[in-house]
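Residue-level structure breakdown
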Amino acid sequence: MAATGGVRTACVTGGNGYIASALVKMLLQRGYAVKTTVRNPDDRQKNSHLMELQALGPLQILSADLDDEGSFDDAVAGCDYAFLVAAPVNLTSEDPERDQIEPSVRGTLNVMRSCAKAGTVRRVVLTSAASSVCIRPLEGDGHELDEESWSDLDWVAAEKPPSWGYVVSKVLSEKVALRFAQEHGLSLAIACPVLTVGASPAPKVYTSVPASLSMLSGDEAALAMLKGIEKSFGGVPVVDLDDLCRAEVFLAEAEAAASGRYICSSFVTTVVEIARFLADKYPQYTVNIGQDSGGELLEKPRVKLSSAKLVKQGFEFRYKTLDAVYQDVVEYGKALGILPY
Ligand SMILES: NC(=O)c1ccc[n+]([C@@H]2O[C@H](COP(=O)([O-])OP(=O)(O)OC[C@H]3O[C@@H](n4cnc5c(N)ncnc54)[C@H](OP(=O)(O)O)[C@@H]3O)[C@@H](O)[C@H]2O)c1
């Protein structure tokens, strides 16, 4: 599949994942030819939803592993845009260095090298996370963080907040990607999304959707993750999956140089505010907020995450309230078996 004949071609890595599946679908709906990678194309359980998406347009499903040097060469060859979404997400590993940090940095560089080799890629869009921005000591309330802010790795190493290896992996992966792009003349935009909520074609989800539904599902581990986000971030920042995918395509297509980091956050809320919203909106469920050990839950967010850089370039968030963001996720949760019908 070459970048000729007027059809734009995009590579999406990790196509069977939660965010990547939705991105593949959006690109096909917009007339792109898409090449996506999965670790094992023969795994029907993980990939059957991608095969269904082939009805929407030209979609190749190729095999590639972040751990295998050069394995993304074929997938990126001839592409106009490369969306780097695949990444290890081992939030509870006992050895984050081995399972999260090293493979993430190595894998990011691996795909960046394939992009440089291809010679056709007009822009690389790396999906990172706002964990690279806001995990740092913040006294008091009213902080507004933007892309100038980096999570403080010395503080993270000393304090080891929840999922600290993930934080380190995102900071280091962004930094190596930025350096590589500069050295090799690649145009790189980095999306830093927050808790991403919404329905995806993916039939299995592991992090944000279970967390966002945890007070309805009674999943204690997922609720602990939601509370961990509030504690580390000073609030629960949220973006809708559709807004995130539109933002990533926007960053790829932007005529003006879209470069560096872009925080993708619609609004910041709290666990308590989400609980109140859910109780009001879904009276058929029991909303379980769990224990608030020591009154640690926030009434109001302490931190605001600014997506002004993205908005200034012309991007518009469509889902700006809990009501809008939760519109389709409860039905999605039912379809996935996270919530009872
Ligand atoms: N969901 C959120 O709220 C959120 C928020 C901020 C940032 N992010 C970031 O967005 C990205 C995607 O997240 P997600 O929620 O969509 O997670 P996900 O559903 O777990 O997707 C991760 C993808 O990466 C692939 N992958 C993992 N290790 C790999 C390897 N060694 N080689 C090739 N592929 C590999 C997985 O493939 P397998 O299926 O084969 O394991 C899967 O397709 C991640 O970088 C995540 O940190 C997510």
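Given the structure is predicted, the values throughout are model-derived calculations rather than measurements.

**So, empty space enclosed by the protein**
Enumeration according to the criterion identifies two cavities of 30 Å³ or more in this entry. Volume-wise, the largest cavity comes out at about 120 Å³. If you go around the largest cavity, you meet 16 residues; those closest to its centre are Ala86, Ala87, Ser104, Thr108 and Leu126. Of all the secondary structure elements, the ones that give two or more residues to the lining of the largest cavity are helix H4 (96-118), strand E5 (123-127) and helix H7 (164-184).

**Observations concerning the UniProt feature "domain: NAD-dependent epimerase/dehydratase" (unreviewed entry) in the chain**
Mapped onto this structure's residue numbering, the UniProt feature "domain: NAD-dependent epimerase/dehydratase" (unreviewed entry) falls at residues 11-254. As annotated, residues 11-254 comprises 48% helix and 16% strand, and the C-alpha atoms at either end are separated by 17 Å.

**Thoughts on helix H12 (residues 271-281)**
For H12, the set of buried residues is Val271, Val272, Ile274, Ala275, Phe277 and Leu278. Tucked into the core, H12 has its buried residues touching helix H9 (214-217), helix H10 (220-233), strand E9 (236-240), strand E11 (267-269) and helix H14 (322-326).

**Let's talk about H4**
In this model, H4 (23 residues) spans 32 Å end to end at C-alpha, consistent with the 33 Å of a helix rising 1.5 Å per residue. Its maximal kink placed at Pro103, H4 deviates by approximately 30°.

**Structural notes on the pairing of E5**
With respect to burial, E5 is a largely interior element, five of its five residues being buried. Neither face of E5 is left uncovered, since the one carrying Arg123, Val125 and Thr127 and the one carrying Val124 and Leu126 both have all their residues buried. With four bridges joining them, strand E4 (residues 81-84) and E5 adopt parallel strand pairing. Bridging across to E5, Ala82 finds its partner in Val124. Regarding topology, H4 serves as the crossover connection from E4 to the parallel E5, and that connection is right-handed. Note: E5 against strand E7 (residues 188-193), four bridges, orientation parallel. Bridge pairing links Leu126 to Ile190 in E7.

Parameters at a glance
Residues numbered from 1 in each chain as written. Predicted model: local features only at pLDDT ≥ 70, side-chain atom pairs only at ≥ 80, totals over all residues. Heavy atoms only, no water. 1 Å grid on protein atoms, 1.4 Å probe; cavity = no way out; pocket = protein on both sides within 12 Å on 5 of 7 lines; lining within 4 Å. Points joined across faces, edges and corners; volume = space filled by probe spheres on them. Helix = DSSP H or I, 4+ residues; strand = E, 2+ residues; numbered from the N terminus. UniProt positions renumbered as here; feature names shortened; annotations may be inferred. Buried < 20%, exposed > 50% of the residue type's maximum accessible area, 1.4 Å probe, protein only. Contact = heavy atoms within 4.5 Å. Expected span 1.5 Å × (residues − 1). Bend = angle between axes of the 7 residues up to and from the residue. Pairing = 2+ DSSP bridges. Right-handed = clockwise from strand over helix to strand, strands pointing away.

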